[in-house]
Amino acid sequence: MGLGDQEIQATAEAVPAAYDAAAFLAAIVESSDDAIVSKSLSGIITTWNKGAERIFGYTADEAVGQPITIVIPVDRLDEEPAILARIQAGERVDHFETVRRRKDGNLIDISLTISPIRDDSGTIIGASKIARDISERRREAEHREMLLREMHHRIKNLFAVVASIITLAARSAVTASDLASSMKDRLMALARAHEITLPSLAGRSVEDPPATLFQLLSNILAPYGHDDHRQWTLTSR
């Protein structure tokens, strides 16, 4: 085989390799869970992958050729000119969190990464967008925030209860030891009352008979008054 034949064979082998690489890259884009979209500098959609179909609800046939504003809520339309201006300036937009609208009208939280598309001469001819649905992550963050607010509220209530117990105990305490003992008894009474209201968390079987109001009040009121000095009477009927 001469040198010319070797060159022809090398060229023939290189062409399928290049083709396979392009096809493989296209397959990656098409199978991505994220929406991968390209648009012209005038904002017209030029490509639309399966991830975009899943996230936004439009098929590629419905989306390609349409303005990208079909997925932008009315109150967010001012974002598009600003994004296009940055792309035309050669900038990349990373992890821009915003809201977009699905075909069915529902709004979704997304994270956008937008990059300029350049031709062989380096001229910017469009933009590529990768959009990730972060609705679930946002809901989880809101749920955590709600739990933290609830915890904050309950802790403040707990401090208020302890302050009230201290005030009540101080009225009858003669010595510091009396005050400490009274405080301990009253706090332990609240702890016991708490345990009987949540048996599964306190290590008791959920099959045990539920606590009655009489049991609950008996535990709470037990430290308040002893022997002949008892300030309350509780009767079960």
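Summary of the structure given here. (Residues numbered from 1 in each chain as written. Predicted model: local features only at pLDDT ≥ 70, side-chain atom pairs only at ≥ 80, totals over all residues. Heavy atoms only, no water.)

**A short note on the pairing of strand E5 (residues 124-133)**
As a reminder, the rule being used: In this analysis, strands are considered paired if DSSP registers two or more bridges between them. Runs of H or I in DSSP of at least four residues are treated as helices and runs of E of at least two as strands, each being numbered from the N terminus.
Two elements, strand E1 (residues 35-40) and E5, share six bridges in a ladder whose sense is antiparallel. Within E5, the residue paired with Ile36 across the bridge is Ile130. Pairing analysis gives nine bridges linking strand E4 (residues 107-118) to E5, with the strands arranged antiparallel. Of the residues in E5, the one forming a bridge with Pro116 is Ala127. If you look at the hairpin formed by E4 and E5, you'll find five residues sitting between the two strands, and Gly122 has a positive phi there, around 90°.

**Focus on the packing of aromatic side chains**
As a reminder of what qualifies: Whether two aromatic rings pair depends on their centres lying within 6.5 Å, for rings of Phe, Tyr and Trp, where Trp uses its six-membered ring; planes under 30 degrees apart make the pair stacked, over 60 edge-to-face, and the rest tilted. Each residue is assigned to one of three classes by its accessible area relative to the maximum for its type, calculated with a 1.4 Å probe on protein chains only: buried under 20%, partly exposed between the two thresholds, exposed over 50%.
Enumeration according to the criterion identifies one aromatic pair in this entry. Both rings, one in Trp48 and one in Phe56, keep their centres 5.7 Å apart while their planes meet at 40°; by these two values the pair is tilted. Each member of the pair Trp48 and Phe56 is classed as buried.

**Digging into the environment of Arg76**
What counts, and what does not: In this description, contact between two residues means that some pair of their heavy atoms is separated by no more than 4.5 Å.
Within the element layout of this structure, Arg76 appears in the loop between helix H3 (60-63) and helix H4 (79-88). Accessibility expressed as a relative area gives 27% for Arg76, which makes it partly exposed. Residues Arg76 and Thr98, spaced 22 residues apart in sequence, show a C-alpha to C-alpha distance of 8.5 Å. What Arg76 contacts, discounting residues up to four positions off in sequence, is Thr98, Val99 and Arg100.

**Focus: the sheet that holds strand E3 (residues 93-101)**
This is how the line gets drawn: Inter-axis angles, ranging from 0 to 180 degrees, are taken between N-to-C directions of lines fitted to C-alpha atoms, where helices are fitted over the stretch in contact.
Strand order in the open sheet formed by five strands is E2-E1-E5-E4-E3, with antiparallel pairing between adjacent strands. At either margin of the open sheet sits one strand with a lone partner, and together these are strand E2 (45-48) and E3. Strand-to-strand twist of the sheet, defined as the mean angle between neighbouring strand axes without regard to direction, takes the value 30°. Together, E3, E4 and E5 form the strand contacts of helix H5 (residues 135-172), whose direction differs from that of E4 by roughly 135°.

**Examining the packing of H5 against helix H6 (residues 176-197)**
Heads up, the condition is: For classification, angles of less than 35 degrees are called roughly parallel, those exceeding 145 degrees roughly antiparallel, those between 65 and 115 degrees roughly perpendicular, and all remaining angles oblique. By convention the crossing between two helices is left-handed if the near helix lies anticlockwise of the far one by an angle smaller than a right angle, and right-handed if it lies clockwise.
For the pair H5 and H6, interaxial distance at closest approach is 9 Å and the crossing angle is 140°. The angle between H5 and H6 falls in the class oblique. Relative to H6, H5 is oriented so that their crossing is right-handed. Facing Val161, Val162, Ile165, Ile166, Leu168, Ala169, Ala170 and Ser172 of H5, the residues of H6 in contact are Leu179, Ser182, Met183, Arg186, Leu187 and Leu190.

**Regarding the side chain of Lys39**
As a reminder, the rule being used: A 3.5 Å cut-off defines polar contacts: any pair of N or O atoms within that distance qualifies, except that in protein one atom must be a possible hydrogen donor and the other a possible acceptor, and neighbouring residues in sequence count only when both atoms are side-chain atoms.
In this fold, Lys39 is placed in strand E1. Overall, Lys39 belongs to the buried group, its relative accessible area being 2%. A polar atom in the side chain of Lys39 sits 2.4 Å from the side chain of Glu80.

**Some thoughts on the pairing of E4**
Summarising the sheet, E3 and E4 pair through seven bridges and their orientation is antiparallel. If you follow Phe96 over to E4, its bridge partner there is Leu112. Hairpin connection between E3 and E4: a loop of five residues separates the two successive antiparallel strands, and Gly105 in this loop has a positive phi of roughly 95°.

**Considerations on a nonpolar patch on the surface**
Defined as follows: Exposure above 30% relative accessible area and the absence of a salt bridge qualify a residue for a patch, where like charges join within 9 Å and nonpolar side chains (Val, Leu, Ile, Met, Phe, Trp, Tyr) within 5 Å. Each accessible area is a Shrake-Rupley result for a 1.4 Å probe, and residues are judged covered by the shown protein chains and nothing else. For this document, the term salt bridge refers to a Lys or Arg side-chain nitrogen within 4 Å of an Asp or Glu carboxyl oxygen.
Judged by side-chain polarity, Leu148, Met151, Ile155 and Phe159 come together as a nonpolar surface patch covering roughly 420 Å² of accessible area. Along the chain, Leu148 falls in helix H5.

**A look at H6**
Along an α-helix, residues three or four positions apart point the same way, because every turn accommodates 3.6 residues. Heads up, the rule is: Expected span of a helix, by definition, is 1.5 Å for each gap between consecutive residues, and there is one gap fewer than residues. The arc in question is the one spanned by the directions pointing from the helix axis to the C-beta atoms.
Between its first and last C-alpha, H6 extends 32 Å over 22 residues, near the 32 Å set by a 1.5 Å rise per residue. Among the residues of H6, Ser182, Met183, Arg186, Ala189, Ala193 and Ile196 are the ones counted as buried. An end-on view of H6 places all buried positions within 165° of arc, on one side of the element. Set apart from the buried face of H6 by more than 90 degrees, the exposed residues are Ala176, Ser177 and Lys184. On its buried side, H6 packs onto H5 and helix H7 (213-221).

**Some thoughts on the pattern of salt bridges**
Considering all chains together, one arrives at 16 salt bridges under this definition. One salt bridge in this structure joins Glu79 and Arg76, with 3.2 Å as the shortest N-O distance. Glu79 gets classed as buried once you look at its relative accessible area, which sits at 13%. A network of salt bridges, in which partner residues are shared, links Glu97, Asp109, Arg137 and Arg138.

These figures come from the coordinates and say nothing about function on their own.
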